[in-house]
Amino acid sequence: MQIQSNLKKIRDDIRAAAQKSGWDPSRVTLIAVSKRKPRDMIQQAIDAGQRDFGENYIQEAMEKIDILGRKSAIWHFIGHLQSNKAKFAVKYFDLIHTVDTVKLAGEINRQARKIGKIQEILLQVNIARETTKSGAEENEIIDIAKQAGQFDHLHISGLMCMPPFFDDPEDARIYFKRLKQISENIERLNLPHTDMTHLSMGMSNDFTVAVEEGATLVRVGTAIFGAR
Ligand SMILES: *Cc1c(COP(=O)(O)O)cnc(C)c1O
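In this text the structure is predicted, and so the values were computed from the model without any measurement.

Some thoughts on the overall build of the protein chain
- Looking only at helices and strands, one finds 9 helices and 8 strands in the protein chain.
- A globule of 228 residues ought to have a C-alpha radius of gyration of about 17 Å, and the protein chain, at 17 Å, matches this closely.
- Its C-alpha atoms give the protein chain principal-axis dimensions of roughly 45 × 40 × 30 Å.
- The burial tally for the protein chain puts 53% of its 228 residues in the buried class.
- A fraction of 61% describes how many contacts in the protein chain between residues 6 or more apart in sequence connect residues 24 or more apart.
- As presented, the protein chain carries roughly 10,500 Å² of accessible surface, and 50% of it is formed by carbon and sulfur atoms.
- Across the protein chain, the mean location of the 32 positive side-chain charges is 4 Å away from that of the 30 negative side-chain charges.

Encoded structure:
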């Protein structure tokens, strides 16, 4: 019941935030981040109508997805991805949010070609230039997009970022605005295999601000499933 009512509240908040800024609420997808949460909680969310789930750790995700079923949900990989795990990410996930090097993009492309898949990916930007976070630097991202756009088994469908945690979510707003600007700069390049449909930004504490700034994918864990 708790998961169901949490989901309802978040959906209402997303709708209100979108309408406040003149966005169509239906362009925003809520991703329920289920890392380190048991399968039965994911099942409860599925039963409550939730379709999209985010996982961070390949091994943990594979175990859950094998039992719940690959087709039981839309699976988003949102953790740091090592090239040697790309094969599994391609096999299990509909969208990989965290591509931040040409090398990783190349490996995902290679694995996708092997199984005849066009893998949808996002490029992750280290938007606040934090040394502890993954993601490409802003000044590298255009070059990565140009090179990754050449790979014919990838489809780049937008950008992802994870700003610092702030007590006041308003402080994250400048980073969300910046990600949107970068995506507009990339859109103008008209790169192959690329469109800037998605902005993956906003978590439990700041998703309403992210939606106001144009997020199309919000990644919410704690506010749905409780503290980890
Ligand atoms: C864990 C995680 C989230 C969800 O964070 P919450 O604060 O629990 O909503 C979102 N995005 C990424 C990349 C994460 O690792």
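Focus on the side chain of Asn56
- Within the secondary structure, Asn56 is located in the loop between strand E2 (52-55) and helix H3 (58-68).
- The class of Asn56 is buried, set by a relative accessible area of 13%.
- Dropping the residues within four chain positions of it, Asn56 is found in contact with Val33, Lys35, Phe77, Ile78, Gly79 and His80.

Section: the site of the ligand
- Within the structure, the ligand sits among 13 residues, and Lys35, Asn56, Ser204, Arg219 and Thr222 are positioned closest to it.
- Contact between the ligand and Lys35: an oxygen atom at 2.7 Å from a side-chain N or O atom of the residue.
- One of the side-chain N or O atoms of Arg219 is found 2.8 Å from a nitrogen atom in the ligand.
- Considering only residue class, the shell around the ligand consists of 6 nonpolar, 4 polar and 3 charged.

Brief notes about the packing of helix H2 (residues 39-47) against H3
- Between H2 and H3, the shortest axis-to-axis distance is 10 Å and the interhelical angle comes to 50°. Comparing their axes, H3 and H2 come out oblique. Handedness of the crossing formed by H2 with H3: right-handed. Along its contact with H2, which presents Arg39, Ile42 and Gln43, the element H3 presents Lys64, Ile67 and Leu68.
- Classifying every residue of the contact of H2 with H3 by side-chain character gives 3 nonpolar, 1 polar and 2 charged.

Describing the pairing of strand E5 (residues 119-125)
- Across the 7 residues of E5, 6 count as buried, placing the element largely inside the fold.
- Sheet topology note: the strand E4 (residues 95-99)/E5 ladder contains 3 bridges and is parallel. Opposite Ile96, over in E5, you have Ile121 as the bridge partner.
- Summarising the sheet, E5 and strand E6 (residues 154-161) pair through 6 bridges and their orientation is parallel. Opposite Val125, over in E6, you have Cys161 as the bridge partner.
- In terms of handedness, the path from E5 via helix H6 (residues 138-148) over to E6 forms a crossover that is right-handed.

Things to note about the environment of Ile182
- Tracing the chain through its elements places Ile182 in helix H7 (residues 173-187).
- Its relative accessible area of 3% is what places Ile182 among the buried residues.

Quick look at the nonpolar core
- Within the largest apolar cluster, 67 residues are counted, with the highest numbers of intra-cluster contacts made by Phe53, Phe93, Ile96, Ile108, Leu123, Val218 and Ile224.
- Element by element, the count of residues in this core is highest for helix H1 (residues 2-20), at 6 residues.
- Beyond its immediate stretch of four places on either side in the chain, Phe93 contacts Glu55, Ile58, Ala61, Ile65, Arg70, Trp75, His76, Phe77, Lys117 and Gln119.
- If you look at the next biggest cluster of nonpolar residues, it comprises 5 residues, including Leu95, Leu122, Met160 and Leu217.

Some remarks on the confidence of the model for the protein chain
- Averaged over all residues, the pLDDT of the protein chain equals 98, while 100% of them reach at least 70.
- Here H6 stands out as the least confident element of the protein chain, with mean pLDDT 97; strand E8 (residues 217-220) is the most confident, with 99.

Criteria and cut-off values
Residues numbered from 1 in each chain as written. Predicted model: local features only at pLDDT ≥ 70, side-chain atom pairs only at ≥ 80, totals over all residues. Heavy atoms only, no water. Helix = DSSP H or I, 4+ residues; strand = E, 2+ residues; numbered from the N terminus. Rg over C-alpha atoms; globule rule 2.2 N^0.38 Å. Buried < 20%, exposed > 50% of the residue type's maximum accessible area, 1.4 Å probe, protein only. Contact = heavy atoms within 4.5 Å. Areas by Shrake-Rupley, 256 points an atom, 1.4 Å probe, with all protein chains shown as cover. Lys, Arg positive; Asp, Glu negative; His and termini not counted. Charge placed at Lys NZ, Arg CZ, Asp CG, Glu CD. Near = heavy atom within 4 Å. Polar contact = N/O pair within 3.5 Å; in protein donor to acceptor, adjacent residues only side chain to side chain. Nonpolar A, V, L, I, M, F, W, Y, C, P; charged D, E, K, R; others polar. Axes fitted to C-alpha atoms, helices over the stretch in contact; angles between N-to-C directions. Parallel < 35°, antiparallel > 145°, perpendicular 65-115°, else oblique. Left-handed = near helix turned anticlockwise from the far one by under 90°. Pairing = 2+ DSSP bridges. Right-handed = clockwise from strand over helix to strand, strands pointing away. Core = buried A, V, L, I, M, F, W, Y, C linked by side-chain atoms within 4.5 Å. pLDDT = per-residue confidence, 0-100.

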